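# Topology and contacts: notes
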Amino acid sequence: MKILVTGGAGYIGSVTVEKLIEAGFEVVVFDNLYQGHRAAVHPKAAFVHGDLSNRKAIDRVIEEHQPVATMHFASHTLVGESVQKPFLYLGENVTNAGNLLASMLEHGVKNFILSSTANLFDDPERIPIAETERIVPGSPYGESKAIIERMLYWLDRYQDFRYVALRYFNAAGATEERGEDHHPECHLIPLVLQVALGQRENIRIFGDHYDTPDGTCVRDYIHIADLAQAHILGLQAILDGGASRKYNLGNGCGYSVKEVIETAREVTGHPIPAIVDAPRAGDPATLIAGSDKIREDLGWNPQFGSLKSIIQSAWNWHVKHPRGYEG
């Protein structure tokens, strides 16, 4: 079976492509390389350079390759940027997803996996966050994913369309061949490892007076391979005739910024100087997503549950690729 993966040259998409191929699927990657890397695409995957703003390009790739399903990762994903440039998110993210879904419907492709976000939940009533939590997006980025989820709801209801929406916070870690390489980098774990590699002088901690055990923000981290496996389990569920569904994904426990830094010091053997800076506006103290439902429904069982194993895998990749996919 052939799967179309939009954004398959990006961090999460490329690892999911790797795991899809290992699971026996054929894969077609559709990516404009805005944030992705051609070198990150698995050599057994077909690659099409294209943009989701171009409906004709989407039609061509679907007509040529006739996938049975689509995994949709292609998106602007930076919460801070979405606040500064809201219509990059409320416009492009939503319009591009609409182009993709419309083309799929026209060509009879009715299975869809959405890389969604736990940024749907800005001020959760309970931690860990369950699927029953009310949706109150925390940014234009979160709002764009909420709109796409509503599109999927209506397609499921009236168009015999099946989907799985996976909501998660922080993908982290690496496989042997694929890791995190963003320009600019804004995620905590790779930033900390850049300090260990001598590429940064220090790591900045944004606030240390939060209502958490050590005063720094607590977040959930999922190993990228475990995240990819969740996408594949969701895909198999709907390909087997299962109903549409939504899952929140997390390890069920959170780690503070200081814990991440200290674990990175242990893994890398480097001191990693840290400085405390002012808190960032809109940063909640604690965000942890629950994953009981997908564990019960699909048997999802993360293999990299500890923070140390996640950081160790990321460190191994960054040591081998100190300049990312450039060398």
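The sections below set out a description of the structure shown in this document. (Residues numbered from 1 in each chain as written. Predicted model: local features only at pLDDT ≥ 70, side-chain atom pairs only at ≥ 80, totals over all residues. Heavy atoms only, no water.)

A word on the overall build of the protein. When helices and strands are tallied, the protein shows ten helices and 14 strands. For 327 residues, the compact-globule estimate of 2.2 N^0.38 gives 20 Å, and the protein sits close to it at 19 Å. Along the three orthogonal principal directions, the C-alpha set of the protein runs to about 55 × 45 × 40 Å. The buried share of the protein, taken over its 327 residues, is 54%. Within the protein, residue pairs in contact and separated by at least 24 positions form 78% of the contacts whose partners lie at least 6 positions apart. For the protein, the computed accessible surface area is about 14300 Å², with 49% contributed by carbon and sulfur atoms. One finds the centroid of the 30 positive side-chain charges in the protein at a distance of 3 Å from the centroid of its 41 negative side-chain charges. (Helix = DSSP H or I, 4+ residues; strand = E, 2+ residues; numbered from the N terminus. Rg over C-alpha atoms; globule rule 2.2 N^0.38 Å. Buried < 20%, exposed > 50% of the residue type's maximum accessible area, 1.4 Å probe, protein only. Contact = heavy atoms within 4.5 Å. Areas by Shrake-Rupley, 256 points an atom, 1.4 Å probe, with all protein chains shown as cover. Lys, Arg positive; Asp, Glu negative; His and termini not counted. Charge placed at Lys NZ, Arg CZ, Asp CG, Glu CD.)

Attention shifts here to the packing of helix α8 (residues 257-268) against helix α10 (residues 307-320). The N-to-C vectors of α8 and α10 enclose an angle of 55 degrees; their axes lie 9 Å apart at closest approach. The pairing of α8 with α10 is recorded here as oblique in orientation. Judged by the twist between their axes, the crossing of α8 over α10 is right-handed. Listed contacts from α10 to Glu 259, Val 260, Thr 263, Ala 264, Glu 266, Val 267 and Thr 268 of α8 are Leu 307, Lys 308, Ile 311, Gln 312 and Trp 315. Here the residues of the contact of α8 with α10 are counted per class, giving six nonpolar, three polar and three charged. (Axes fitted to C-alpha atoms, helices over the stretch in contact; angles between N-to-C directions. Parallel < 35°, antiparallel > 145°, perpendicular 65-115°, else oblique. Left-handed = near helix turned anticlockwise from the far one by under 90°. Nonpolar A, V, L, I, M, F, W, Y, C, P; charged D, E, K, R; others polar.)

Picture the strands of a sheet paired through backbone hydrogen bonds; they go either parallel or antiparallel. Read across the sheet, seven strands follow the order β3-β2-β1-β4-β5-β6-β11 without closing on themselves; strand pairing throughout is parallel. Since the sheet does not close on itself, it has two edges, and those belong to β3 (46-49) and β11 (245-249), each with one partner. Across the sheet, the mean angle from the axis of one strand to that of its neighbour is 15 degrees, orientation sign disregarded. Two strands pair when backbone bridges link them, and strand β6 (residues 162-168) and β11 are joined in this way by five bridges, in the parallel orientation. In the sheet register, Leu 166 faces β11, and the bridge partner there is Tyr 247. Here helix α2 (residues 55-65) sits on the sheet and contacts β1 (2-6), β2 (26-31) and β3; the angle it forms with β2, its principal contact strand, is near 170 degrees. (Pairing = 2+ DSSP bridges.)

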